Amino acid sequence: MTTSTPQRVCVIGAGAAGLEAVRVFRDAGHDVVAFDRSERAGGHWHTDYEALHLITPRDVSCFDGVPMPASYPLFPSREQVIAYLDAFAADHDLLAHIRFGTEVTAVTSPDGGVSGWDVTTAAGTEHFDAVVVANGHHWDARLPAMAADFTGRSLHSSQYRSVADVEGRRVLVVGAGNSGCDLAVDAANARLEVSIAMRHGQVFQPKTFFGRGRNQLPLLAKLPPWAAERVQRALVRVSVGSPSDYPGLQEPVTRNLNEQAPVVNDLLLYWLQHGRITARTGVVGVAGREVSFADGTSAEFDTVLWATGFAVSLPFLAPDQLTWSAGAPLRVGGMTVPVGTARMYTVGLASPRGAQFPVFSAQSALAVRLLGLEGRTARPLDVELLAAGAPDDRVDVLRPVWSQQMTRSHQVLDGLPTNPARTLQESTR
C-alpha cells in the first residue's frame, strides 16, 4: 500500500460501509472523523424488517480479517448482523471517531477537492484533506406517484418492520426484488391473504445448492464467469423448475442470470404452490383501495407494501460537483472515485452481486492508497484511472466485472510514476 503522511479525513455515514472506512483509514495513520445523523452505528440494519436474513453465507459476508462468529448460522439474521457490527465498532474502538446526531448539510471545494473539502454541519464548517462518502443507497425511498392514490395502509418497504404494521388481511406487495419477496413471505407466514405484483418475469434462485451457498460450489469458482453462469442456470432450473410450475408467474425475458438482478428466494415459490401468495402482473392504476393490474384484472386491498427500491441521494453535494448519469454519479476505480473530483471517494455506492461487507473493505483499502497518491501524479487520479475502465454509473453490477475493475485499478496505480516532492498546495488539476 502506498505510504502517505497523516491527513484529516471525513467519513459521511456510520453504517457498515462507514465503519469499515473509519477502521481502514484510521489504521493507515490518518485522523478520521465520521458524521452520522442517527444516534447509533450500523445504519439501515437497525431499521430493516425483522424477518431479514443475509442471502450470502456467513463466512464470505464479513469485513476483511474479521470473521463472523462460528456460532452464527449459514445465513445470519438481521439481529446477528447488528451484533456483529456493534462488536466490530467496539473491538476496533471506532465509536470514538464518530459524531452521532450530526447531519452533513454541505460538502464544498473551490477546486473540486484539490485543496481538500469544507464539510458543514449544524455545528459549523470544518476543513478536511479528504472525504469518504459512505451514506449508503438504501435510505431515500422511491415511490411511484400512484402510491398516493391508495387510501388504505400504504408503506414503503423501508418502513415495514413486521406484520404488526399491516392493517386488514388483504396485502399487496409491489415489486419482486429480494425485499419484496421477503415481505410477501413474511405476510404469508402470518396467514394473511397476500398478492405480489411483478412487472415482468424473474428467475428465482434458491439460497443453496447441495446444502452450500449458491456461489460456494468449488466447481463454480474454477470456471470463467460465462461458464459459471451456465452451470448455475442449469442448477436453478433443476432445483426450482420453470415458471409454469408456479401459478401466475410470468416467463422471464431471459434466463441468463447475469442479465437480471439476482432474486434469491425459494420460500416465495413454496407459498405460491400452497396458494398463500398470488402472483399478479404489474400495477397500472390505483383508485381508493382498488388496484388495477396490467393483465386487466383488479382487486381490493387493505395494505400495500411498496418494494420499489431507492434513489441514490447525496444531498450534501451540489449537483454540478459530480457528473450524473442514470441517477447515479459516474465513478472510476472500481466505482470508488467520482469523475471530476480529487480527494473524494465513495465506499458502498457500488453493489457488486454477492456479499457487501468485503466490498467495503476493498474500496476503503483502495481509497487509502489513492489518498497517498493525491497530488503526486502527472494527471489527476480520476483521469489516470480511466486506463482501468470507462466511468460507470451502475450500482448493481456483476461481481466479476467489479473485481476486474478493482484489479485493473491497482495495476494502473502500480505503474504510475510519482513525485514525492509535490505537496498538497503545489498540486493542480
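Keep in mind that what you see is a predicted model, and the values were worked out from it rather than measured.

1. Looking at the overall build of the protein chain
Part 1: Scanning the protein chain from terminus to terminus reveals nine helices and 28 strands.
Part 2: Taking 22 Å as the expected radius of gyration for a compact globule of 429 residues, we find that the protein chain reaches 23 Å, a close match to that expectation.
Part 3: For the protein chain, the proportion of its 429 residues judged to be buried stands at 52%.
Part 4: Of the roughly 18500 Å² of accessible surface on the protein chain, a fraction of 53% belongs to carbon and sulfur atoms.

2. Things to note about the sheet that holds strand E10 (residues 170-174)
Part 1: Pairing within the open sheet is parallel, and its five strands lie in the order E9-E20-E10-E11-E16. Since the sheet does not close on itself, it has two edges, and those belong to strand E9 (153-156) and strand E16 (277-280), each with one partner. Each strand axis lies, on average, 20° off the axis of its neighbour in the sheet, ignoring direction.
Part 2: Inspection of the sheet shows E10 paired to strand E11 (residues 193-197) by five bridges, in the parallel sense. Looking across to E11, one finds that Arg-170 is bridged to Glu-193.
Part 3: Its contacts with the sheet place helix H3 (residues 178-189) against E10, E11, E16 and strand E20 (303-306), and it is angled at close to 165° to E11.

3. Details of unusual backbone geometry
Part 1: Look at Arg-191: it is not a glycine, yet its phi comes out positive at around 65°.
Part 2: Note on placement: Arg-191 falls in the loop between H3 and E11.
Part 3: In this model, Arg-343 sits at a positive phi of 60°, which is unusual for a non-glycine residue.
Part 4: Here Arg-343 is to be found in the loop between strand E25 (337-338) and strand E26 (344-346).

4. Thoughts on the packing of aromatic side chains
Two aromatic rings, taken as a pair, are described by how far apart their centres are and by the angle between their planes.
Part 1: Taken as a whole and judged by the stated rule, the model has 10 aromatic pairs.
Part 2: Arranged with centres 6.5 Å apart and planes meeting at 20°, the rings of Tyr-84 and Phe-88 form a pair that is stacked. With Tyr-84 and Phe-88 both in helix H2 (residues 78-91) and four residues apart, the pair spans about one turn of that helix.
Part 3: Here Tyr-84 falls in the buried class, since its relative accessible area comes to 4%.

5. A short note on the nonpolar core
Part 1: By size, the foremost hydrophobic cluster in this structure holds 94 residues, and its most contacted members are Leu-268, Ile-277 and Phe-357.
Part 2: It is helix H7 (residues 357-373) that provides the largest number of residues to this core, a total of nine residues.
Part 3: Ignoring anything within four residues of it in the chain, the contact list for Leu-268 reads Cys-181, Ala-184, Val-185, Ile-196, Met-198, Phe-204 and Ile-277.
Part 4: Ranked by size, the runner-up nonpolar core spans 16 residues in total, among them Cys-10, Val-131, Leu-314 and Phe-316.

6. Regarding the confidence of the model for the protein chain
Part 1: Of the residues in the protein chain, 97% reach a pLDDT of 70 or more, and the chain-wide mean stands at 95.
Part 2: In this model residues 423-429 is a low-confidence stretch, pLDDT under 50, and it forms 17 contacts with partners more than four residues away in sequence or in other chains.

7. A look at the packing of H7 against helix H9 (residues 399-414)
Helix-helix packing is described using two parameters, namely the angle between the two axes and the distance between the axes.
Part 1: Running from N to C, H7 and H9 cross one another at 20°; their axes reach a closest spacing of 12 Å. Taken together, the axis directions place H7 and H9 in an arrangement best described as roughly parallel. Helix-helix and strand crossings are classified by hand; for H7 and H9 the assignment is left-handed. Every residue of H9 that contacts H7 at Pro-358, Val-359, Ala-362, Gln-363, Leu-366, Arg-369, Leu-370 and Leu-373 is listed here: Arg-399, Trp-402, Met-406, Ser-409, His-410, Leu-413 and Asp-414.

8. Observations regarding the side chain of Thr-341
Part 1: Counting through the fold element by element, Thr-341 comes out in the loop between E25 and E26.
Part 2: Reaching out from Thr-341, the side chain makes a polar contact with the backbone oxygen of Pro-338 at a distance of 2.8 Å.

9. Considering the pattern of salt bridges
Part 1: One pass over the structure, following the stated rule, counts 18 salt bridges.
Part 2: Note that Arg-23 and Glu-20 form a salt bridge whose closest N and O atoms lie 2.7 Å from each other. With a gap of three residues between them, Arg-23 and Glu-20 both fall in helix H1 (residues 16-27), about one helical turn apart.
Part 3: Of the charged contacts in the structure, one is a salt bridge between Asp-414 and Arg-369, with a shortest N-O distance of 2.4 Å. Separated by 45 residues along the polypeptide, Asp-414 in helix H9 and Arg-369 in helix H7 bring together distant segments of the chain.
Part 4: By relative accessible area, which is 12% here, Arg-369 ends up buried.
Part 5: The network of salt bridges with common partners includes Arg-8, Asp-31, Arg-99 and Glu-126.

10. Things to note about the environment of Val-119
Part 1: Positionally, Val-119 belongs in strand E5 (residues 117-121).
Part 2: Sequence spacing of Val-119 and Val-131 is 12 residues, and the spatial spacing of their C-alpha atoms is 8.6 Å.
Part 3: Filtering out sequence-adjacent residues up to four positions away, Val-119 remains in contact with Cys-10, Phe-35, Val-104, Ala-106, Val-107, Gly-124, Thr-125, Glu-126, Phe-128 and Val-131.

11. Comments concerning H2
Part 1: For H2, built from 14 residues, the straight-helix expectation of 20 Å at 1.5 Å per residue is met to within 8% by its first-to-last C-alpha distance of 20 Å.
Part 2: All buried positions along H2 are accounted for by Arg-78, Val-81, Ile-82, Tyr-84, Leu-85, Phe-88 and Ala-89. Across the axial projection of H2, the buried residues extend over an arc of 160°, all falling on one side. In H2, the exposed positions that point more than 90 degrees away from the buried face belong to Ala-90 and Asp-91.
Part 3: Just past H2, the residue Asp-93 takes up positive phi, approximately 55°.

12. Digging into the pairing of strand E7 (residues 130-133)
Part 1: Across the two faces of E7 the burial is the same, with Ala-130 and Val-132 and Val-131 and Val-133 all buried.
Part 2: For strand E1 (residues 8-12) and E7, the ladder comprises four bridges, and the chain directions are parallel. Residue Cys-10 lies in a different strand from E7, and its bridge partner there is Val-131.

About the criteria used
Residues numbered from 1 in each chain as written. Predicted model: local features only at pLDDT ≥ 70, side-chain atom pairs only at ≥ 80, totals over all residues. Heavy atoms only, no water. Helix = DSSP H or I, 4+ residues; strand = E, 2+ residues; numbered from the N terminus. Rg over C-alpha atoms; globule rule 2.2 N^0.38 Å. Buried < 20%, exposed > 50% of the residue type's maximum accessible area, 1.4 Å probe, protein only. Areas by Shrake-Rupley, 256 points an atom, 1.4 Å probe, with all protein chains shown as cover. Pairing = 2+ DSSP bridges. Axes fitted to C-alpha atoms, helices over the stretch in contact; angles between N-to-C directions. Contact = heavy atoms within 4.5 Å. Phe/Tyr/Trp six-rings, centres within 6.5 Å; stacked < 30°, edge-to-face > 60°. Core = buried A, V, L, I, M, F, W, Y, C linked by side-chain atoms within 4.5 Å. pLDDT = per-residue confidence, 0-100. Parallel < 35°, antiparallel > 145°, perpendicular 65-115°, else oblique. Left-handed = near helix turned anticlockwise from the far one by under 90°. Polar contact = N/O pair within 3.5 Å; in protein donor to acceptor, adjacent residues only side chain to side chain. Salt bridge = Lys/Arg side-chain N within 4 Å of Asp/Glu carboxyl O. Expected span 1.5 Å × (residues − 1). Arc of directions from axis to C-beta.

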